[in-house]
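Chains, contacts and geometry: an overview
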Amino acid sequence: MLEQKIRERRLSIEEFAEFAEVFARERPELKLGTVTARHLQRLASGVGPKGRPLGEVRPATARLLERIFGISIDQLLAPPRAELSAVDLDRLGGVFDWLDARAGWLPESSQSEVTSRLAAVDTEALHDRLVRRAHVGRSQLSRALGEYYADSVDGYGVYGVRVADRELVTSIVTRSEWVDLTTPLVPENERFELVTTSMVSGDVDVRHAVDRLAEAAALDVRMTDLPIYRLLDLAVRSGKIAGTVTLSPFAEYALSMDLLEGEFIDALAGQRGKLTLRDRYLPDLAAVLDLRGRLCAGGVLALCAIARPADPHRGPADFALLVQERSPTVLNGARRLSVIPKSFHQPLKDARADARISATLLREMEEELFGRAEVDGTVGGHRIAAPMHPSRLSEPMRWLMEDDGRLRMECTGFGLNLVSGNYEFAGLVVIDDEEFWTRFGGHVEANWEAVGLRVYSSLDAELVGELVSDESWSNEGLFAFLLGLKRLGELGGDRVRLPELTATVR
């Protein structure tokens, strides 16, 4: 296997020996690890001097080779695999280049590592694990996270709500002034400053990163290394949202902070005991709140409510409330209920202008509800200079933008998600004009990120009450849904009849 791994890097034995020497010299903990070309030839052949058995490999040399390749010395000295599965570069584009640079590897080394690891992945076992994860309900996850982060910080608490005789608690840490914001998303209300920074990148465990990519390849998960916004500072109050952001590679988030959810749920499902990554990245509540001290990526998500005229079968005029069931091939919130639109907070083209929350919501409406693939960064559209130019809008979106009163967008709340440390901007998107549903209701269709799209009536208090208590919700999805319902109840008049919700932050 050692010889195969060296060949996969397109190096000769002599060239790899030189690389290994430099690799060890640059890392003090590996300085005792040495390997010559002759030694490598013996290790690759499995035969020592004069045909004698190879014998034990020096511990320092073993550590060096294990660090370079990310697999054990026993695997390196084992027979090579006859055939390796292929990695779909279209679904994992750019991530390998980032990992090569971060790990100090030669180009295409991480792709080779993932390809090798993929051959040993048990896809059936992965699907079984996904099923076990799905059995861990939202409430169980929230309670366990509350126990892990038992320390408290004055002024902060987790968001919850009382509905009927039940109290639902989420994993969203927030403040009383961060919820029920009723803040219209117009230019004068949202101010985000984009800065460049020389901040040191976060810690990434290469072994976990390679495992994650191999599993993503096996499950056909899409992961594209486009930039995302990293939150550095924030000032939130009703009527005003301001913040400072910088750009960060999506690969860094996907291969570090985003691993925390799976690790924690696996522990709850009895598959793993230790929380090695969580203990490293988010050990306490102070670390969660330390925006500048860690990679704090985030999302924007909103409850979408579309006015519908009275119908002889459905009943009086109401709002259609849209809820999605997330696909297993998405990176975040897989197999969970969420509001729609839901997206990572990231630029489309203009990094400074796109930092606005409204820019993300409009883009995601086009992508997730109206089917415009060219604004989906995971599938293409990179050649278009202005994807949201009025001339390129979908027919439903163009109609909405022709009149200022047809589309209302508000930010309803903000919080930090204990699941992965993400920041979450919750919103409400309201289309008040019944004509939209009459003309374009048939155009509303979820994209590949959802396996199902549910529609609820704003007059059906019973079904909405049952939906609120559904354990399939993601915590950020429920957070946005609850805040959206409360605000819609204030705006909707006779079109809205919802269960009574009493919010708590504690």
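The structure under discussion appears in the preceding block.
Attention here is on the structure that accompanies the text. (Residues numbered from 1 in each chain as written. Predicted model: local features only at pLDDT ≥ 70, side-chain atom pairs only at ≥ 80, totals over all residues. Heavy atoms only, no water.)

A short note on the overall build of the protein
Assigned secondary structure in the protein consists of 19 helices and 14 strands. Here the C-alpha coordinates of the protein stretch approximately 90 × 50 × 45 Å along the principal axes. When each of the 506 residues of the protein is scored for burial, the buried share is 54%. If you take every contact in the protein between residues at least 6 apart in sequence, the share linking residues at least 24 apart comes to 73%. Carbon and sulfur atoms provide 48% of the accessible area of the protein, an area that totals close to 22100 Å². The distance from the centre of the 62 positive side-chain charges to the centre of the 78 negative ones in the protein is 5 Å. (Helix = DSSP H or I, 4+ residues; strand = E, 2+ residues; numbered from the N terminus. Buried < 20%, exposed > 50% of the residue type's maximum accessible area, 1.4 Å probe, protein only. Contact = heavy atoms within 4.5 Å. Areas by Shrake-Rupley, 256 points an atom, 1.4 Å probe, with all protein chains shown as cover. Lys, Arg positive; Asp, Glu negative; His and termini not counted. Charge placed at Lys NZ, Arg CZ, Asp CG, Glu CD.)

Details of the sheet that holds strand β4 (residues 190-194)
The strand order β4-β6-β5 describes an open sheet built from three strands, whose pairing is mixed. Two strands lie at the open edges of the sheet, namely β4 and β5 (227-237), each paired on one side alone. Averaged over all pairs of adjacent strands, the angle between strand axes in this sheet comes to 25°, irrespective of strand direction. Relative to strand β6 (residues 240-249), β5 is paired through 10 bridges, and the arrangement is antiparallel. Looking across to β6, one finds that Tyr229 is bridged to Leu247. (Pairing = 2+ DSSP bridges. Axes fitted to C-alpha atoms, helices over the stretch in contact; angles between N-to-C directions.)

A few points about the environment of Ala60
Note on placement: Ala60 falls in helix α4 (residues 59-69). Not counting residues up to four positions away in its chain, the partners in contact with Ala60 are Leu32 and Gly33.

Regarding the packing of aromatic side chains
Going through the model one piece at a time under the given rule, you end up with 20 aromatic pairs. With a centroid separation of 6.0 Å and 45° between ring planes, the pair formed by Trp399 and Phe436 is classed as tilted. Placement of Trp399 in helix α16 (residues 395-401) and of Phe436 in helix α17 (residues 434-440) is noted, with a sequence separation of 37 residues between them. Trp399 gets classed as buried once you look at its relative accessible area, which sits at 4%. (Phe/Tyr/Trp six-rings, centres within 6.5 Å; stacked < 30°, edge-to-face > 60°.)

Topic: the packing of helix α6 (residues 95-103) against helix α7 (residues 109-119)
Helix-helix packing is characterised by the crossing angle of the two axes and by the distance between the axes. Orientation of α6 relative to α7, taken along the N-to-C sense of each, is 110°, at an axis distance of 7 Å. The pairing of α6 with α7 is recorded here as roughly perpendicular in orientation. Note on element contacts: α7 touches α6 through Ser109, Ser110, Gln111 and Val114, opposite Phe96, Leu99 and Asp100. (Parallel < 35°, antiparallel > 145°, perpendicular 65-115°, else oblique.)

Considerations on the packing of helix α18 (residues 461-468) against helix α19 (residues 475-491)
Interhelical geometry of α18 versus α19 gives an angle of 150° and a closest axis separation of 11 Å. Classed by the angle they form, the pair α18 and α19 counts as roughly antiparallel. For the crossing formed where α18 meets α19, the hand is left-handed. Residues Val464, Leu467 and Val468 of α18 pack against Leu478, Phe481, Leu482 and Leu485 of α19. Broken down by class, the residue content of the contact of α18 with α19 amounts to seven nonpolar, no polar and no charged. (Left-handed = near helix turned anticlockwise from the far one by under 90°. Nonpolar A, V, L, I, M, F, W, Y, C, P; charged D, E, K, R; others polar.)

A few points about the side chain of Thr246
Mapped onto the elements of the fold, Thr246 is located in strand β6. The class for Thr246 is buried, based on a relative accessible area of 5%. Among the polar contacts listed, one links the side chain of Thr246 to the backbone oxygen of Val195, at a separation of 2.8 Å. Excluding residues within four positions of it along the chain, Thr246 makes contact with Leu194, Val195, Thr196, Thr197, Ile228, Tyr229, Arg230 and Leu232. (Polar contact = N/O pair within 3.5 Å; in protein donor to acceptor, adjacent residues only side chain to side chain.)

Section: the pattern of salt bridges
In the structure shown here, the tally under the stated rule is 30 salt bridges. Between Glu26 and Arg27 there is a salt bridge, and its shortest N-O distance comes to 3.7 Å. Judged by its relative accessible area of 57%, Glu26 falls in the exposed class. Among the salt bridges present, the one from Glu364 reaches Arg363, with a minimum N-O distance of 3.1 Å. A relative accessible area of 3% places Glu364 in the buried class. On the basis of relative accessible area, Arg363 is assigned to the buried category, the value being 4%. Salt bridges here are not isolated pairs; linked through shared partners, they connect Glu366, Arg372, Glu374 and Arg392. (Salt bridge = Lys/Arg side-chain N within 4 Å of Asp/Glu carboxyl O.)

Let's talk about helix α10 (residues 206-218)
Taking 1.5 Å per residue as the helical rise, α10 with its 13 residues ought to reach 18 Å, and the 18 Å between its terminal C-alpha atoms agrees with that figure. Of all the 13 residues making up α10, 10 are buried; the element is thus mostly covered by neighbouring parts of the structure. Residues of α10 that are buried: His208, Ala209, Val210, Arg212, Leu213, Ala214, Glu215, Ala216, Ala217 and Ala218. At its buried positions, α10 is contacted by α6, α7, α8 (123-134), α11 (250-254), α12 (259-268) and α13 (276-281). Looking one or two residues beyond α10, the residue adopting positive phi is Asp220, at roughly 60°. (Expected span 1.5 Å × (residues − 1).)

Focus on unusual backbone geometry
Cis rather than trans, the peptide bond between Ile340 and Pro341 has omega equal to 15°. The residue Pro341 is located in the loop between β9 (337-339) and β10 (342-344) in this model. Look at Glu108: it is not a glycine, yet its phi comes out positive at around 75°. Positionally, Glu108 belongs in the loop between α6 and α7. Classification of Glu108 as partly exposed rests on a relative accessible area of 37%. Its identity is not glycine, yet Asp180 carries a phi of approximately 55°, on the positive side. With respect to the helices and strands, the residue Asp180 is situated in strand β3 (residues 179-184).

Let's talk about the nonpolar core
Of all hydrophobic cores here, the largest spans 121 residues; its most connected members are Phe16, Phe69, Leu213, Met223, Leu400, Phe425 and Phe436. Excluding residues that lie within four positions of it along the chain, Phe16 makes contacts with Ile6, Leu11, Leu40, Leu65, Ile68 and Phe69. Counting residues in hydrophobic clusters, the runner-up holds 33 residues, among them Ala426, Val430, Leu478 and Leu488. (Core = buried A, V, L, I, M, F, W, Y, C linked by side-chain atoms within 4.5 Å.)

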